[in-house]
Amino acid sequence: MPRRLILVIGLVALQAMALLTVLGITYWASQDVLLRYAEGLTARIARDATAYTGDFLDPANDAALLSERVFESGIVDPREHADLTRYLFDLLKMRDDFDGAYVGFETGDFVFVNRDTSHDGAEFRVKLVRAGPERDVRLGWYSADFRRHATETAPEDDFDPRTRPWYKASLALDGISWTSPYIFFTTKLPGITVSVPVEDRGGGVLGAVGVDIGIEALSRFLGGLDISPRGSAAIVSASGEIIAHSDPALVSSADASGSVRFNTLADGEDPILTRAAASIDGGLNDLFPGEIRISRFNAGGEVWLGAVQRLPLEHTPWTVLTYLPETDILEPLWRVRTIARWVALAALAGTAILGLIFARAVMLTPRAGRPPS
C-alpha cells in the first residue's frame, strides 16, 4: 500500500480516535456532574421542607406563649368567657393554619373556638362548657364578623379538659408542651396541639391554653415542590407515622369502623418511601436535630436518590425525606448523548469520505521529476 495512502488513513484514524476520546470523557464527566447535582437537589429540597416546617410550627408556639402572658397580665380575663371567646376567635382569624384555640380550666370549665362550616353562613364554632354548680354545654356557630348564626345545647357532652393529654402534659412540664401528631376528631384531618399552663393572680393553676394546628398544609407544600417528574417528599414522625406527603392521600386512612389514623412506613402505602427510610444507616432515629444525610438505594428495579433531615426542633422529632429516581436526572443527559453519538458518527463518516477524496487526490498527484501517468 502506498505510503501516502497509509498516512492519510492514519490521520483519519487519529481524528476518529480523538472524537471518540472527547465523547467518552464528556459522557462520564457529565454523568458524574449530574449525579452530584441530583444529590444536591434532593438535599436542598429536604432543607427547604425542613425550614418551612419549622416556620410553620413557630407561630403556634408563639401564640400559646402570647396567650399565657395576655391572660396572666389581665389584659384579657380568661374567667370572663365572653371576652375570652372573642380573643380566641381573633387568634384563629390571624392564622389560617390554626384549626382551634381553647382554654381548659382547673374547675373543669372549657372555652373552645374552632373552624366549622356545618351551618350556612358560619365559619367558626364556639363550645362553652360550664362545669358547675350545674353542668351546662352550649354550642354556637359564628360568621367571620362574629355574628351568631345558630346555637345548640349539648347536655350529653361530658368533655372534661382536665383529662386531656395536652392539659396534663402542660401542667406536668410547667411549660410549653407539644402533642404527637393525631387526627382531629372534628375535621378528620391530621394535626398537632401546643399547650401551656396559665396561672391566676395568686400564682395558683388557673388552667391551660391550647392551639390546634392543621398540618395538612405541609402536604400541600410538599406537593408543590418542584423535585422531578417522579420525585416525592414526606415528613415522618419518630414512630414512623407519615405526617405529610406530596400525595396527601397517603397520609391517613380509615378502617372498617370509620376511624381515621396515620399511615406508617410499615404499612407500605408508599413502598419507595419505606425503602428510602430503610436505606439510612442506623435508621431515622439515629439522626440528630438538623442533620442531613444522602443515600442511594434500589427500588422497583431502579436506582433512587434520597435525602433525609431531622427537624432541629426538639419538641417535634420529625424527619423530612426527599427521594427521586436517578433516571429523572439522567434522562436528559441520555438524550444529549444520543444526539452526540449521531453527530460523532456523522463527523466520522464525513471525515472518512473527505479522507478518501484527499487520498485519491494525493495518489493522483505526480511526484516531482515524474511525468503524470
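For every chain, the first residue of its written sequence is number 1, and the numbers climb from 1 along that sequence. With pLDDT at 70 or above as the cut-off, local features in this predicted model cover only qualifying residues; side-chain atom pairs require 80 or more to be listed or tallied, and sums for whole chains, interfaces and linings still use all residues. Just so you know, side-chain values use all the structure's heavy atoms and leave hydrogens and water out.

Runs of H or I in DSSP of at least four residues are treated as helices and runs of E of at least two as strands, each being numbered from the N terminus. Mapped onto the elements, Thr 53 comes out in helix α1 (residues 3-73). Relative accessibility thresholds used throughout: buried, under 20% of the residue-type maximum; exposed, over 50%; partly exposed, between the two (1.4 Å probe, protein chains only). Exposure remark for Thr 53: the relative accessible area of 0% places this residue in the buried category. We define a polar contact as two N or O atoms separated by no more than 3.5 Å, with the added condition that, inside protein, one atom must be a possible hydrogen donor and the other a possible acceptor, whereas residues neighbouring each other in sequence contribute only through side-chain atom pairs. For Thr 53, the side chain forms a polar contact with the main-chain oxygen of Ala 49, separated by 2.7 Å. We call two residues contacting when some pair of their heavy atoms lies within 4.5 Å. Once residues within four sequence positions are removed from consideration, Thr 53 is found in contact with Leu 218, Ile 235, Leu 311 and Trp 318.

Let us now look at the sheet that holds strand β10 (residues 232-236). One open sheet accounts for five strands, arranged β11-β10-β16-β15-β14; its pairing is antiparallel. Two strands bound the open sheet, and with one partner strand each, they are β11 (242-245) and β14 (292-299). For this sheet the average axis-to-axis angle between neighbouring strands, irrespective of direction, equals 25 degrees. Axis definition: a line fit to C-alpha positions, over the contact stretch in the case of helices; interaxial angles, taken between N-to-C directions, run 0 to 180 degrees. Contacts between helix α4 (residues 216-223) and the sheet are confined to β10 and β11, with β11 contributing the most and set at about 40 degrees to the helix. On the sheet, helix α5 (residues 271-278) packs against β10, β11, β14, β15 (302-310) and β16 (319-325) and is oriented at approximately 125 degrees with respect to β14. Strands qualify as paired when DSSP identifies two bridges or more between them.

Our focus in this paragraph is the packing of aromatic side chains. Pairing of aromatic rings covers Phe, Tyr and Trp, the last through its six-membered ring, and needs centres within 6.5 Å; plane angles under 30 degrees mean stacked, over 60 mean edge-to-face, and all others mean tilted. Enumeration over the complete set of coordinates arrives at 16 aromatic pairs. An angle of 65 degrees between the planes, with centres 4.8 Å apart, marks the rings of Phe 89 and Phe 124 as edge-to-face. Highlighted residues: Phe 89 in helix α2 (residues 81-94) and Phe 124 in strand β3 (residues 124-130), separated in sequence by 35 residues. Residue classification places Phe 124 among the buried positions, given a relative accessible area of 2%. By way of ring pairs, the aromatic residues Tyr 102, Phe 110, Phe 112, Phe 159, Trp 166 and Tyr 167 are connected into one cluster.

Salt bridges are defined as contacts in which a side-chain nitrogen from Lys or Arg sits within 4 Å of a carboxyl oxygen from Asp or Glu. Using the criterion set out here, one finds 14 salt bridges in the structure. Among the salt bridges present, the one from Asp 328 reaches Arg 230, with a minimum N-O distance of 3.7 Å. Taken together, the residues Asp 328 in helix α6 (residues 326-364) and Arg 230 in the loop between α4 and β10 connect sequence positions 98 residues apart. A salt bridge links Arg 296 to Glu 326; the nearest nitrogen and oxygen atoms lie 2.4 Å apart. In this pair, Arg 296 sits in strand β14 while Glu 326 sits in helix α6, placing the two residues 30 residues apart along the sequence. Residue class for Arg 296 comes out partly exposed when judged on its relative accessible area of 43%.

What is meant by a nonpolar core is a set of buried Ala, Val, Leu, Ile, Met, Phe, Trp, Tyr and Cys residues, joined one to another through side-chain atoms within 4.5 Å. Ranked by size, the top nonpolar core spans 54 residues in total, and within it Leu 57, Phe 71, Ile 213, Ile 235 and Trp 318 carry the most contacts. Looking at which element gives the most residues to this core, the answer is α1, with eleven residues. Ignoring any residue separated from it by four or fewer positions in sequence, one finds Leu 57 in contact with Trp 178, Ile 192, Ile 213, Leu 313, Thr 316 and Trp 318. Counting residues in each nonpolar core, the second largest holds 17 residues, with Ala 277, Ile 280, Ala 299 and Val 308 among its members.

Residues Gly 132 and Pro 133 are joined by a peptide bond in cis, for which omega reads 0 degrees. Counting through the fold element by element, Pro 133 comes out in the loop between β3 and β4 (136-142). Despite not being glycine, Phe 146 has its phi angle at roughly 65 degrees, a positive value. If you trace the backbone, Phe 146 turns up in the loop between β4 and β5 (148-153). For Phe 146, a relative accessible area of 22% puts it in the partly exposed group. In this structure, Asp 174 takes a positive phi of about 55 degrees despite not being glycine.

We now examine the environment of Thr 274. Here Thr 274 lies in helix α5. Linking Thr 274 and Gly 240, residues 34 residues apart in sequence, is a C-alpha distance of 9.6 Å. The contact partners of Thr 274, leaving out residues within four places of it in the chain, are Leu 265 and Gly 268.

Right, let's get into the side chain of Gln 309. With respect to the helices and strands, the residue Gln 309 is situated in strand β15. Judged by relative accessible area, Gln 309 falls into the buried class, the value being 9%. Of the polar contacts made by the side chain of Gln 309, one reaches the side chain of Thr 50; its length is 3.2 Å. Each residue touching Gln 309, except ones within four places of it in the same chain, is listed here: Ala 46, Arg 47, Thr 50, Gly 290, Glu 291, Ile 292, Trp 318, Thr 319 and Val 320.

Moving on to a nonpolar patch on the surface. A cluster of nonpolar side chains, contributed by Ile 353, Leu 354 and Ile 357, occupies part of the molecular surface with about 320 Å² of accessible area. Summarising the element assignment, Ile 353 is placed in helix α6. With relative accessibility at 52%, the residue Ile 353 sits in the exposed group. Think of a patch as exposed residues, more than 30% relative accessible area, with no salt bridge, where like charges cluster within 9 Å and nonpolar side chains (Val, Leu, Ile, Met, Phe, Trp, Tyr) cluster within 5 Å. In this description, accessible areas are obtained by the Shrake-Rupley approach with a 1.4 Å probe, and a residue is regarded as covered only by the protein chains that are shown.

With that out of the way, let us pick up α2. Expected span of a helix, by definition, is 1.5 Å for each gap between consecutive residues, and there is one gap fewer than residues. The first and last C-alpha atoms of α2 sit 20 Å apart over 14 residues, in line with the 20 Å expected at 1.5 Å per residue. Buried within α2 are the following residues: His 81, Leu 84, Thr 85, Tyr 87, Leu 88, Phe 89, Leu 91 and Leu 92.

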